[in-house]
Amino acid sequence: MQKTLSIIKPDAVKKNVIGKILDRFESNGLKIVAMKKIQLNQNQAEEFYQIHKDKPFFEDLVKFMISGPVVVSVLEGEDAVFKNRELMGATNPKEAKAGTIRADFAENIDANAVHGSDSLENAEIEINFFFKTDEIYK
C-alpha cells in the first residue's frame, strides 16, 4: 500500500467541486486517510513549490496557490501515486483524457484543479510538509 498527497487547488475549491473530486479517489480504490482545508501563505507556497523556483511560472504559481483555500489530503491504496496521477489527467486540461479530474474541472494549465505527488519519494516529502504522523488515520 502506498500513500500520496493530493491538493485540491483554489480554482476547484471556489467552484465547489471538492466532494466530486474526493469521490473520484474513493470510487477508484483510494482511501482518504487524512484531510484538511487550509489557506497557504506566501512562505508556505514558496517552500512547497521550491523545486520550481527558477522556472518562469513560479511567481504566478505561488500567487495562484495563495489566492484561496485548498484541500490537502493523503490518499492510500495500491499503486496510489500512479493511480492518483492517472485520475488527475495531464497537467494541461486540454490534453487530459475525457473523464479525468482536470478534463472535467480544470480551466487551464495554470488553474488545473489538483496537484498530486509525482513519485513515492516526493509523496513522503509532501505528506510530511502538510501532516504530522498523528494526523494520518487508517
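My aim in this report is to walk through the structure given alongside it, one point at a time. Remember, it's a predicted structure, so these values are computed and weren't measured experimentally.

1. Comments concerning the pairing of strand S1 (residues 2-8)
Then, in step 1: Here S1 lies mainly inside the structure; six of its seven residues are buried.
Then, in step 2: Pairing between S1 and strand S3 (residues 70-77): seven bridges, direction antiparallel. Counterpart to Gln2 in the pairing with S3 is Gly77.
Then, in step 3: As defined by bridge partners, S1 adjoins strand S4 (residues 114-116) across three bridges and the pair is classed as antiparallel. Looking at S4, one finds that Ile7 is bridged to His115.

2. Looking at the layout of surface pockets
Then, in step 1: Approximately 760 Å³ is the volume attributed to the largest pocket.
Then, in step 2: Elements supplying a minimum of two residues to the lining of the largest pocket: helix H3 (42-48), helix H4 (58-65), helix H5 (80-88), S4 and helix H7 (120-130).

3. Quick word on the nonpolar core
Side chains that are nonpolar tend, in soluble globular proteins, to be buried together.
Then, in step 1: Core analysis: the largest hydrophobic core is formed by 20 residues, its most contacted members being Leu5, Ile7, Tyr49, Met65, Phe130 and Phe131.
Then, in step 2: If you list the elements that add at least two residues to this core, you get S1, strand S2 (31-38), H3, H4, S3 and H7.
Then, in step 3: Take this core: its biggest share by element is five residues, from H4.
Then, in step 4: Setting aside its immediate chain neighbours within four residues, Tyr49 contacts Ile7, Lys9, Phe58, Leu61, Met65 and His115.
Then, in step 5: Within the second largest apolar cluster, 19 residues are counted, among which are Ile8, Val13, Leu22 and Leu75.

4. Quick look at helix H2 (residues 18-27)
Then, in step 1: Turning to H2, its buried residues number three or more, namely Ile18, Ile21, Leu22 and Phe25. Seen along its axis, H2 keeps its buried residues to an arc of 95°; they face one direction. Facing away from the buried side of H2, by more than 90 degrees, are the exposed residues Lys20 and Ser27.

5. Notes on unusual backbone geometry
Then, in step 1: The backbone of Asn16 sits at a positive phi, close to 65°, despite the residue not being glycine.
Then, in step 2: Inspection of the secondary structure assignment puts Asn16 in the loop between helix H1 (10-14) and H2.
Then, in step 3: For Asp79, which is not a glycine, the phi torsion comes out positive at approximately 55°.
Then, in step 4: Turning to its location among the elements, Asp79 is positioned in the loop between S3 and H5.
Then, in step 5: Given the relative accessible area of 40%, Asp79 is considered partly exposed.

The rules behind each value
Starting from 1, residues in each chain are numbered consecutively following that chain's sequence as written. In view of the model being predicted, local features appear only for residues whose pLDDT reaches at least 70, and side-chain atom pairs are presented and counted only at 80 or more, with totals across whole chains, interfaces and linings using the full set of residues. Side-chain measures here rest on the full set of heavy atoms in the structure, leaving out hydrogens and waters. Buried residues are those whose accessible area, probed at 1.4 Å on protein chains only, stays under 20% of the maximum for their type, while exposed residues exceed 50% and partly exposed ones sit between those limits. Strands are runs of DSSP state E lasting at least two residues, helices are runs of H or I lasting at least four, and both sets are numbered from the N terminus onward. We treat two strands as partners when DSSP finds at least two bridges between them. Residues are said to line a cavity or pocket when one of their atoms sits within 4 Å of a point; the points come from a 1 Å grid over protein atoms alone, cavities being sets where a 1.4 Å probe fits but cannot get out and pockets being open sets with protein on both sides within 12 Å along at least five of seven lines. Grid points are joined across faces, edges and corners, and a volume is the space filled by probe spheres set on the points. By convention a nonpolar core is built from buried Ala, Val, Leu, Ile, Met, Phe, Trp, Tyr and Cys residues, the set being connected through side-chain atoms within 4.5 Å. Contacts are residue-level and defined by heavy atoms, with any inter-residue pair within 4.5 Å sufficient. By arc we mean the arc of the directions from the helix axis to the C-beta atoms, nothing more.

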